[in-house]
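For reference, the chains in residue letters:
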Amino acid sequence: MLQTNTVNINLGDGSLNPGFRDVDGGSAAEDPGKEKRDPEYAQIKPYAGMPKEVLLLHSCKARYRVPREILFWLMVACTLALVALTVTVIALSPRCMNWWQVSPVYQVYLRSFKDSDGDGVGDLKGIQKQLEHFQYLNIKSVWVSPFYRSPLRDSGYDVEDFRAIDPLFGTMQDFEKLLAEMHSKGLKLIVDLIPNHTSDRHRWFNLSRTGDPHYKDYYVWSDCNGSAPRPNNWVSVFGNSAWTYDDVRGQCYLHQFLKEQPDLNFRNPHVRKEMTDIIHFWLEKGVDGFRVGAVNRLLEAAHLRDEPQVDPKKAPESVASVWDLHHDYTTSQLGLHDLLRDWRAEMQAYSREPGRYRFMVTESYDYHEVDKTMMYYGTSLVKESDFPFNFYLLDLPQNTSGLWVKHLVQLWMANMPKGQWPNWLVGNHDQPRIASSAGHTYIRAINMLLLTLPGTPTTYYGEEIGMENNNGTDGPSASQDPQRSPMQWSSDMNAGFNNKTNTTWLPLHPDYRSINVKAQMEDEGSVLAQYRSLNTLRQSELPFLRGWFCFVHADASVFSYLRELDGLSRAFLMVLNFGGEPAVTDLSSVPELPDLLTVQMSTNRSNDDKVLHKSRIPTEAGEGLVIQYTTNTRFHPNHPEQCYVSEKACYLSAVDLLYQC
Ligand code: GLC
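Residues numbered from 1 in each chain as written. Predicted model: local features only at pLDDT ≥ 70, side-chain atom pairs only at ≥ 80, totals over all residues. Heavy atoms only, no water.

Engineer: Looking at this structure, I do not really get the overall build of the protein. What am I missing?
Structural biologist: Check the secondary structure of the protein and you find 18 helices and 24 strands. Rg of the C-alpha trace for the protein: 34 Å, well past the compact-globule value of 26 Å for 661 residues, more than 25% over. In terms of overall dimensions, the protein has C-alpha extents of about 120 × 90 × 55 Å along its principal axes. The buried share of the protein, taken over its 661 residues, is 54%. One finds the centroid of the 64 positive side-chain charges in the protein at a distance of 5 Å from the centroid of its 80 negative side-chain charges. (Helix = DSSP H or I, 4+ residues; strand = E, 2+ residues; numbered from the N terminus. Rg over C-alpha atoms; globule rule 2.2 N^0.38 Å. Buried < 20%, exposed > 50% of the residue type's maximum accessible area, 1.4 Å probe, protein only. Lys, Arg positive; Asp, Glu negative; His and termini not counted. Charge placed at Lys NZ, Arg CZ, Asp CG, Glu CD.)

And the structure:
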């Protein structure tokens, strides 16, 4: 049974608050000692350092209590106001720019970048040695072409093992070290994802051709025999039939590229799972993004019907080139975007940590069907790539004129879905170098164009020094070798690409003695120096990163556009001469521009700092000008059809604040 004992506790004098009164002079709490103490303390006026008894006696008086309460409620109100202000600021803040938006993407063609061990081939350790180059250029995002184990029939795009490093390029440890060092320097690494096909030496293909039940449908197989040697008229990107007979299996397999690159069958859920696992593998390693290759060719029509000929009169047996057919059944098939959305979703799961966003860029050449390219952005609800590569400026050399360049830029800007982020490139390992195809005269203006347009530019290694095609070589893939010659680091032996032997896997361009990184670092007027200052300008000026882009003028020579940001009086005008002759541009009909314009930067340095009247802006052929000006009149409200912005932002100069508007 529970017993309750009553215990008498003597709380003593200190247990009651002798100063606790209702109001001034009101009756004290039941305190046996109060009569004794109060008269004594009541005489004392409050003073600094007064004993507790005096303090308590006075603290309840209205003249102390009221201000105290006012201060208390003031504090509550201030706290609430602060919270409300914080929420408003957060709600009004424009989205933070992501790393792949702030920095250009630099493409390293691994074989040709830097050879660390003197075997003539660039390697992972080589890249690690040259990280300072990216830092010098203020480049944060680096895409490294494939390093996976491969027989290198298509320079590593024929993968034998998606999880292994080819010994030619180093080891997995080299890769991990490179990635760790890049991360420690704030650099991001983008790698290739090559889902469309494997090498014919891949384990899966061997198991598939020998009819292993699990692997037999990993690739696209179809019957073919003596009377019907090919299942249909489909052709490979590299020419001739896209089908090759395999005598082990006694069937034909599909290859949209080389015959050594059998196409994977993405209608098979096991293949989809394999690719997701590969994505996981590299995300777990810590890579920052993927360049997903040949995405438009991931699926083919299951009915395998012939594709329509471009020239219906052409004899069907002479159809051998990719240009001979309309690719209705081998590109952009239904279901393809679901694959990309799934991969994107995998990547999102790894993007949650701050600063660890995983980036995706897709490669799809859609030529005149630009709307197909735009679909790789996904929709406003379901994301796919951060941007699909914009290949339209590759056509720039077709017609070097201001109007033509404007047309190519507009093609992207006018077709890009609202709110998306543009991107620009003029070269890659599959394309002739722009300095050769457009002409060396234009390389500086082209770099200026890429670095001042809105969105992310991609720089193919060597473009920052104006490297040219090395024609006339007879290496492993004659048509692509010219743009893949070794990087020109210095005028030393082998251009500093390696320093151990006389070999380089492809011959060096003979101009390396004058066109090289070291020489250009020492020359303030070099292509490299200008690339570097333009990149610094781009990343330090809000109008370039966040501002409106507006077409101002285009003619046979000149293309001119501006960048401005609401609320910021500083704006930039670019005047680029892509024509063959000097030109004088008259922008007097643009009232938003001040009459006098000062050249901040010219590709022809002697024109730096010149003050020009807007009615007479002279440029040489191939010259580009960046003009900074001050204005309170915005161009875009008066010419909405000429202007684009990805995400509107405004600047409040009084408090140096950027906000959504
Ligand atoms: C990618 C590569 C290209 C390669 C092709 C097929 O498009 O850029 O070099 O030939 O894939 O693998």
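Engineer: So what exactly am I meant to see when it comes to the sheet that holds strand β12 (residues 423-424) here?
Structural biologist: Working definition: the strands of a sheet are paired by backbone hydrogen bonds and lie parallel or antiparallel to each other. Taken in spatial order, the eight strands of this open sheet run β11-β10-β9-β5-β2-β1-β13-β12, and their pairing is parallel. The sheet is open, and its two borders are formed by β11 (387-388) and β12, each paired with just one other strand. Sheet topology places strand β10 (residues 359-362) next to β11; two bridges connect them, and they run parallel. Following the sheet pairing, Thr362 is matched in β11 by Pro388. Helix-sheet contacts for helix α11 (residues 336-349) involve β5 (188-193), β9 (289-292) and β10, and the interaxial angle to β10 is about 160 degrees. (Pairing = 2+ DSSP bridges. Contact = heavy atoms within 4.5 Å. Axes fitted to C-alpha atoms, helices over the stretch in contact; angles between N-to-C directions.)

Engineer: Just to check I follow, could you spell out the layout of surface pockets for this structure?
Structural biologist: Where empty space is left in the structure can be found by rolling a water-sized probe over the atoms. Put simply, the largest pocket is a space of about 1,300 Å³. Among the residues forming the lining of the largest pocket, the class breakdown is 18 nonpolar, 17 polar and 13 charged. The volume enclosed by the second largest pocket comes to roughly 850 Å³. Together, 39 residues line the second largest pocket, and Arg95, Trp100, Gln101, Lys383 and Glu647 are the ones closest to its centre. Contributions of two or more residues to the lining of the second largest pocket are made by α4 (99-102) and α18 (542-546). Broken down by element, the residue count for the lining of the second largest pocket peaks at three residues, all from α4. Taken together, the residues of the lining of the second largest pocket sort by class into 17 nonpolar, 12 polar and 10 charged. (1 Å grid on protein atoms, 1.4 Å probe; cavity = no way out; pocket = protein on both sides within 12 Å on 5 of 7 lines; lining within 4 Å. Points joined across faces, edges and corners; volume = space filled by probe spheres on them. Nonpolar A, V, L, I, M, F, W, Y, C, P; charged D, E, K, R; others polar.)

Engineer: Just to check I follow, could you spell out the packing of helix α8 (residues 172-184) against helix α10 (residues 269-285) for this structure?
Structural biologist: The description of two helices packed together rests on the angle between their axes and the distance between the axes. Running from N to C, α8 and α10 point in directions that differ by 55 degrees, and their axes come no closer than 11 Å. Of the possible angle classes, the one that applies to α8 and α10 is oblique. Residues Met172, Phe175, Glu176 and Leu179 of α8 form the contact with α10, whose participating residues are Phe281, Trp282 and Lys285. A breakdown of the residues in the contact of α8 with α10 according to their chemical character gives five nonpolar, no polar and two charged. (Parallel < 35°, antiparallel > 145°, perpendicular 65-115°, else oblique.)

Engineer: Would you mind going over the site of the ligand with me for this structure?
Structural biologist: For the ligand, the full set of nearby residues is Asp154, Tyr157, His197, Phe238, Phe257, Gln261, Arg291, Glu363, His429 and Asp430. Contacts to the ligand include Gln261, whose side-chain N or O atom sits 3.3 Å from an oxygen atom. Arg291 is positioned such that a nitrogen or oxygen atom in its side chain is 3.0 Å from an oxygen atom of the ligand. A majority-of-atoms criterion places the ligand in the largest pocket. Considering only residue class, the shell around the ligand consists of three nonpolar, three polar and four charged. (Near = heavy atom within 4 Å. Polar contact = N/O pair within 3.5 Å; in protein donor to acceptor, adjacent residues only side chain to side chain. Sits in = over half its atoms within 2 Å of the grid points.)

Engineer: Help me understand the state of the cysteines in this model?
Structural biologist: Covalently bonding the sulfur atom of one cysteine to the sulfur atom of another cysteine gives a disulfide. One pass over the full model with this rule turns up three disulfides. For the protein, numbering the cysteines in disulfides from first to last along the sequence yields the connectivity 1-2, 3-4, 5-6. (Disulfide = S-S within 2.5 Å.)

Engineer: So what exactly am I meant to see when it comes to the environment of Val319 here?
Structural biologist: In this fold, Val319 is placed in the loop between β9 and α11. Assessed through its relative accessible area of 11%, Val319 is described here as buried. Taking the C-alpha atoms as reference points, Val319 and Gly239, separated by 80 residues in sequence, lie 9.3 Å from one another. Setting aside its immediate chain neighbours within four residues, Val319 contacts Asn233, Val235, Gln309, Asp324 and Leu325.

Engineer: For this particular structure, what's the right way to read the packing of α10 against α11?
Structural biologist: Following both chains from N to C, one finds α10 and α11 inclined at 30 degrees, their axes separated by 10 Å at the closest point. In terms of orientation, α10 and α11 fall into the roughly parallel class. Handedness of the α10/α11 crossing: right-handed. On the side of α10, the interface is formed by Arg272, Met275, Thr276, Ile279, His280 and Leu283, while α11 contributes Leu339, Trp343, Glu346 and Met347. Its residues assigned to classes, the contact of α10 with α11 comprises six nonpolar, two polar and two charged. (Left-handed = near helix turned anticlockwise from the far one by under 90°.)

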